[in-house]
Amino acid sequence: MTRTNHFFGKDIVSIKDFSKDDLEFIFETTDKIRKLKPDEKSEFGKGRTLGYIFYEPSTRTRMSFEAAMASLGGSSIGIFDSKFSSIEKGESLADTIRIMDLYSDIIVLRHPNDGSSRYAAELSNNPIINAGSGSEEHPTQAMLDLYTILKEKGRINNLTIGIVGDLKYGRTIYSLLYGLKNYQVDIYLISPPTLSVRSESIYEIRNKINIKQENYLDEVIKKLDVLYVTRIQKERFPDTQEYEKVKGTYKIDDKILENTKTDLSIMHPLPRLDEISHLVDNSPKAIYFKQAAYGKELRAALLTVILNECPF
Ligand code: NCD
């Protein structure tokens with residue numbers, strides 16, 4: 001079945017703006033992109049420029065978008081440290097977007113405020129991709145997370161997925177939950193009581209997926225097919241003493257993995273601090289670096305279908 005490209009010229013602000021069909025279209029496009037030789041995909045971005053504006057630090061998101069655009073024959077320009085741009089002089093987000101809109105064909109934005117990407121999308125003529133808006137959403141991370149689950153587990157349906165860590169401030173998990181809403185999954189949300197998923201989001205998803213909330217991982221971990229680990233988002237705590245109380249709550253190490261399913265897959269959007277021991281990296285259960293690799297390919301697929309109506 002050929003699907004319609006609903007991504008052409010579109011903003012990627014929230015994963016909620018896309019249907020299950022749209023997500024599957026992106027996964028299929030990613031499969032196609034991965035099969036192409038370098039010169040076969042170099043037409044998709046030829047002569048086009050990606051402009052990135054990062055008001056917050058980034059390693060994977062920015063570099064994978066840049067690498068993806070290069071693989072499509074396009075180029076990238078941007079601001080990755082606001083101290084070295086006119087943002088430091090006080091220039092507004094609106095003016096920064098307006099200027100980047102003049103110099104590029106597609107804008108990738110990361111900003112500490114919820115709603116920042118929606119706002120930018122209203123101002124910009126060219127498509128905006130939300131690369132993280134406060135603690136609200138990070139839709140392209142969730143798309144690559146879902147793609148990783150699909151490739152590594154062979155399906156998304158009928159899996160038991162645990163999401164652990166900072167579920168209050170971690171934006172990746174919100175986009176992930178909204179994406180998982182399209183599938184039949186059992187979800188365990190594991191966090192300290194003070195870092196549980198915001199109630200409005202629970203309300204939004206509770207009729208669509210089977211959710212259980214827990215504070216401890218030890219018992220739950222045995223039931224899981226996928227464990228999605230997140231970093232405690234220190235920078236988003238209004239009070240550092242509150243951060244001190246919860247840091248280091250969960251630690252994935254060899255010992256806790258002894259009692260897990262043999263085919264458990266451990267994911268993490270990264271960066272990982274001390275929540276996953278480095279000793280786990282060599283376990284076949286650890287798929288977080290594969291996940292980062294899929295990220296470049298999925299983002300190449302996304303750029304392809306935003307920039308080209310009928311690439312294939
Ligand atoms: C995440 C983010 O920025 O929200 N990083 C990423 O894009 N992979 C996760 C995090 O910072 O903890």
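Counting restarts for each chain: residues are numbered from 1 in the order of the written sequence. Residues qualify for local features only when their pLDDT is at least 70, as the model is predicted, and side-chain atom pairs are given and counted only at 80 or more; totals for whole chains, interfaces and linings, by contrast, use all residues. Note that the side-chain values use all heavy atoms of the structure and ignore hydrogens as well as water.

(A) Just the site of the ligand, in detail. Think of it this way: one heavy atom of a residue within 4 Å of a molecule or strand is enough to make that residue near it. Within the structure, the ligand sits among Thr61, Arg110, His138, Gln141, Arg171, Thr172, Arg231, Gln233, Pro269, Leu270 and Pro271. Pairing of N or O atoms within 3.5 Å defines a polar contact, subject to two protein rules: one partner must be a possible hydrogen donor and the other a possible acceptor, and residues neighboring in sequence count only if both atoms are side-chain atoms. Contact between the ligand and Gln141: a nitrogen atom at 3.2 Å from a side-chain N or O atom of the residue. Throughout, the protein atoms alone are placed on a 1 Å grid, and a set of points is a cavity if a 1.4 Å probe fits but cannot get out or a pocket if it is open with protein on both sides within 12 Å along at least five of seven lines; lining residues have an atom within 4 Å of a point. Put plainly, a molecule is in a cavity or pocket when over half of its atoms are within 2 Å of the grid points there. A molecule is said to occupy a pocket when more than half its atoms come within 2 Å of that pocket's grid points, and by this definition the ligand occupies the largest pocket. Charged means Asp, Glu, Lys or Arg here, nonpolar means Ala, Val, Leu, Ile, Met, Phe, Trp, Tyr, Cys or Pro, and polar covers whatever is left, Gly included. Taken together, the residues of the shell around the ligand sort by class into 3 nonpolar, 5 polar and 3 charged.

(B) Summary view of the nonpolar core. Among the nonpolar cores identified, the biggest contains 59 residues, and Phe7 and Ile163 are the most heavily contacted of them. Under the scheme used here, helices are H or I runs from DSSP no shorter than 4 residues and strands are E runs no shorter than 2 residues, and both carry numbers assigned from the N terminus. No other element matches the 9 residues that helix α11 (residues 288–307) contributes to this core. What we call a nonpolar core is a set of buried Ala, Val, Leu, Ile, Met, Phe, Trp, Tyr and Cys residues that are connected through their side-chain atoms within 4.5 Å. A simple rule labels every residue: compare its accessible area, found with a 1.4 Å probe on the protein chains alone, to the largest value its type can have, and call it buried under 20%, exposed over 50%, or partly exposed in between. Counting residues in hydrophobic clusters, the runner-up holds 20 residues, among them Tyr188, Val229, Ile266 and Ile276.

(C) Focus on the packing of aromatic side chains. Only Phe, Tyr and Trp rings take part, Trp by its six-membered ring, and two of them pair if their centres are within 6.5 Å. Stacked means planes under 30 degrees apart, edge-to-face means over 60, and tilted covers everything else. Tallied over the entire structure, the rule returns 9 aromatic pairs. Look at Tyr169 and Phe237: their rings are 5.1 Å apart centre to centre, the planes differ by 55 degrees, and that puts the pair in the tilted class. Taken together, the residues Tyr169 in the loop between β5 (159–164) and α7 (171–180) and Phe237 in the loop between β8 (226–229) and α9 (240–246) connect sequence positions 68 residues apart. With relative accessibility at 13%, the residue Tyr169 sits in the buried group. Site record: aromatic cluster; members linked through ring pairs are Phe7, Phe18 and Phe25. The rule for a charge over a ring is simple: NZ of Lys or CZ of Arg within 6 Å of the ring centre, and within 35 degrees of the ring normal. The aromatic ring of Phe80 is capped on one face by Arg62, whose charged end is 4.4 Å from the ring centroid. Of note, Arg198 hangs over the ring of Tyr174, and the distance from its end group to the ring centre comes to 3.9 Å.

(D) View of the domain arrangement of the protein. Here the bounds of each domain stem from an automatic or database domain assignment. The domain architecture assigned to the protein consists of domain 1 (15–137 + 294–307) and domain 2 (139–292). Just the C-alpha atoms count here: the centres of domain 1 and domain 2 sit 25 Å apart. At the junction of the two partners, domain 1 supplies 30 residues and domain 2 supplies 30 residues. Put simply, a salt bridge is a Lys or Arg side-chain nitrogen that is within 4 Å of an Asp or Glu carboxyl oxygen. Across the domain 1-domain 2 interface, the total number found is 4 salt bridges. Here a residue-residue contact requires only that any non-hydrogen atoms of the pair lie within 4.5 Å.

(E) Expanded view of the layout of surface pockets. Grid points are joined across faces, edges and corners, and a volume is the space filled by probe spheres set on the points. Put simply, the largest pocket is a space of about 460 Å³. For the largest pocket, the lining is made up of 21 residues, of which Arg110, Arg171, Arg231, Leu270 and Pro271 are closest to its centre. Listed by contribution, the elements that provide at least two residues to the lining of the largest pocket are α3 (60–71) and α7. Taken together, the residues of the lining of the largest pocket sort by class into 4 nonpolar, 10 polar and 7 charged. Both of domain 1 (15–137 + 294–307) and domain 2 (139–292) provide at least three residues apiece to the lining of the largest pocket. By volume, the second largest pocket is sized at about 260 Å³. Residue composition of the lining of the second largest pocket, by class: 5 nonpolar, 4 polar and 4 charged.

(F) Spatial organisation of the pattern of salt bridges. As enumerated under the stated definition, the model contains 20 salt bridges in all. A salt bridge links Asp21 to Arg3; its shortest N-O distance comes to 2.7 Å. Separated by 18 residues along the polypeptide, Asp21 in helix α1 (residues 20–35) and Arg3 in the segment before α1 bring together distant segments of the chain. Asp21 gets classed as partly exposed once you look at its relative accessible area, which sits at 41%. Judged by its relative accessible area of 21%, Arg3 is partly exposed. Close ionic contact of Glu297 with Arg34 constitutes a salt bridge, the shortest N to O distance being 3.2 Å.

(G) Seen up close, helix α5 (residues 116–123). Those residues of α5 not exposed but buried are Ser116, Ser117, Ala120 and Ala121. Viewed end-on, α5 has its buried residues packed into an arc of 135 degrees, placing them on one side of the element. In the core, the buried residues of α5 are packed alongside α4 (93–103), β3 (106–111) and β4 (128–133). It is the directions from the helix axis to the C-beta atoms that the arc portrays.

(H) Broad picture of the sheet that holds strand β6 (residues 185–190). Between any two strands, pairing holds if DSSP finds at least two bridges. Within the open sheet, the 5 strands sit side by side as β7-β6-β5-β8-β9. Their pairing is parallel. Looking at strand neighbours, the two that pair on one side only are β7 (210–214) and β9 (265–267), the edges of this open sheet. Each neighbouring strand pair of the sheet contributes to a mean axis angle of 20 degrees, computed without reference to strand direction. In this sheet, β8 lies alongside β5 in parallel orientation, the contact comprising 4 bridges. When the sheet's bridge partners are listed, Ile161 is paired in β8 with Val226. Structural elements are reduced to axes, namely lines fitted to C-alpha atoms, with helices fitted over the stretch in contact, and the angle between N-to-C directions of any two is expressed from 0 to 180 degrees. The strands touched by helix α6 (residues 139–153) within the sheet are β5, β8 and β9, with β9 carrying the most contacts at an inclination of about 165 degrees.

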